[in-house]
Amino acid sequence: MCLAVPGKVVSIDHRADPLTGLIDFGGVRKQACLEYLPDLRVGEYVIVHVGFALQRLDEESARASLELFEQLGLLEEEFGDAWQQAAEQAGNAVPGSPGAVARKESGSEAR
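Caption draft 1: Broad picture of the overall build of the protein chain. In terms of regular secondary structure, the protein chain is built from 4 helices and 5 strands. Counted from the first residue to the last, the protein chain has its helices and strands arranged as β-β-β-β-β-α-α-α-α. Counting all 111 residues of the protein chain, 32% fall into the buried class. Once local pairs closer than 6 in sequence are excluded, the contacts in the protein chain between residues at least 24 apart make up 37%. Split by element, the accessible area of the protein chain, about 6900 Å² in all, is 50% carbon and sulfur.

This is the structure we're talking about:
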């Protein structure tokens, strides 16, 4: 399945043709085309589908959507191992992942 995922604009390459930027999807960073939103600014949130930023989104809605997608396992499905690796590197356990189980068993899980 291919989701339209919310993310935060980290950087914009105004010299690129087409206009592109680096988008942070809760720890996973990917390049996306920003041509449909040419006046976008760093720090704004967007919905990205198949590599294209399609619409602005407020921060509260973006964070709520990312949390729900994570709970449903859709981010792992969309981003695969990269999502799990980024979350684990940040010290956040992805529910159901081997790292989450190991941390819970060792007592190092955040409380």
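On we go.
Caption draft 2: Spatial organisation of a nonpolar patch on the surface. Taken together, the side chains of Y36, V50, F52 and L54 define a hydrophobic patch exposed on the protein surface, amounting to about 410 Å² of accessible area. Mapped onto the secondary structure, V50 falls in the loop between β4 (45–49) and β5 (52–57). Take V50: its relative accessible area is 52%, and that puts it in the exposed class.

Caption draft 3: Fine view of the pairing of strand β3 (residues 28–33). In this structure, strand β2 (residues 20–25) lies alongside β3, joined through 6 bridges in antiparallel fashion. For T20, the partnering residue across the bridge sits in β3 and is C33. What sits between the antiparallel neighbours β2 and β3 is a turn of 2 residues, in which G26 has the positive phi angle 65°.

Caption draft 4: Fine view of the packing of aromatic side chains. Enumeration over the complete set of coordinates arrives at 1 aromatic pair. With 5.8 Å between their ring centres and 40° between their planes, Y36 and F52 make a pair best called tilted. One end of the pair, Y36, is in the loop between β3 and β4; the other, F52, is in strand β5, and 16 residues separate them in sequence. Among the residues examined, Y36 registers a relative accessible area of 56% and is labelled exposed.

Caption draft 5: Here's a closer look at the confidence of the model for the protein chain. Summarising the model, the protein chain shows a mean pLDDT of 79, and 68% of its residues fall at 70 or more. Every residue in residues 99–111 is under pLDDT 50, and counting partners more than four places away or in other chains gives 10 contacts.

Caption draft 6: The pattern of salt bridges, seen in detail. Taken as a whole and judged by the stated rule, the model has 5 salt bridges. Each of D39, E44 and R56 takes part in a single network of salt bridges with overlapping partners.

Caption draft 7: The arrangement of the pairing of β2 in detail. In this sheet, β2 lies alongside strand β1 (residues 4–13) in antiparallel orientation, the contact comprising 5 bridges. Within the sheet, the bridge partner assigned to S11 lies in β2 and is L22. Hairpin connection of β1 to β2: 6 residues between the antiparallel strands.

Caption draft 8: Region of interest: the environment of V5. Mapping V5 onto the fold places it in strand β1. Here the alpha-carbon distance between V5 and V46, two residues 41 residues apart in the chain, equals 8.2 Å.

How each quantity is defined
- Residues numbered from 1 in each chain as written.
- Predicted model: local features only at pLDDT ≥ 70, side-chain atom pairs only at ≥ 80, totals over all residues.
- Heavy atoms only, no water.
- Helix = DSSP H or I, 4+ residues; strand = E, 2+ residues; numbered from the N terminus.
- Buried < 20%, exposed > 50% of the residue type's maximum accessible area, 1.4 Å probe, protein only.
- Contact = heavy atoms within 4.5 Å.
- Areas by Shrake-Rupley, 256 points an atom, 1.4 Å probe, with all protein chains shown as cover.
- Patch = residues over 30% accessible without salt bridge, like charges linked within 9 Å, V, L, I, M, F, W, Y side chains within 5 Å.
- Salt bridge = Lys/Arg side-chain N within 4 Å of Asp/Glu carboxyl O.
- Pairing = 2+ DSSP bridges.
- Phe/Tyr/Trp six-rings, centres within 6.5 Å; stacked < 30°, edge-to-face > 60°.
- pLDDT = per-residue confidence, 0-100.

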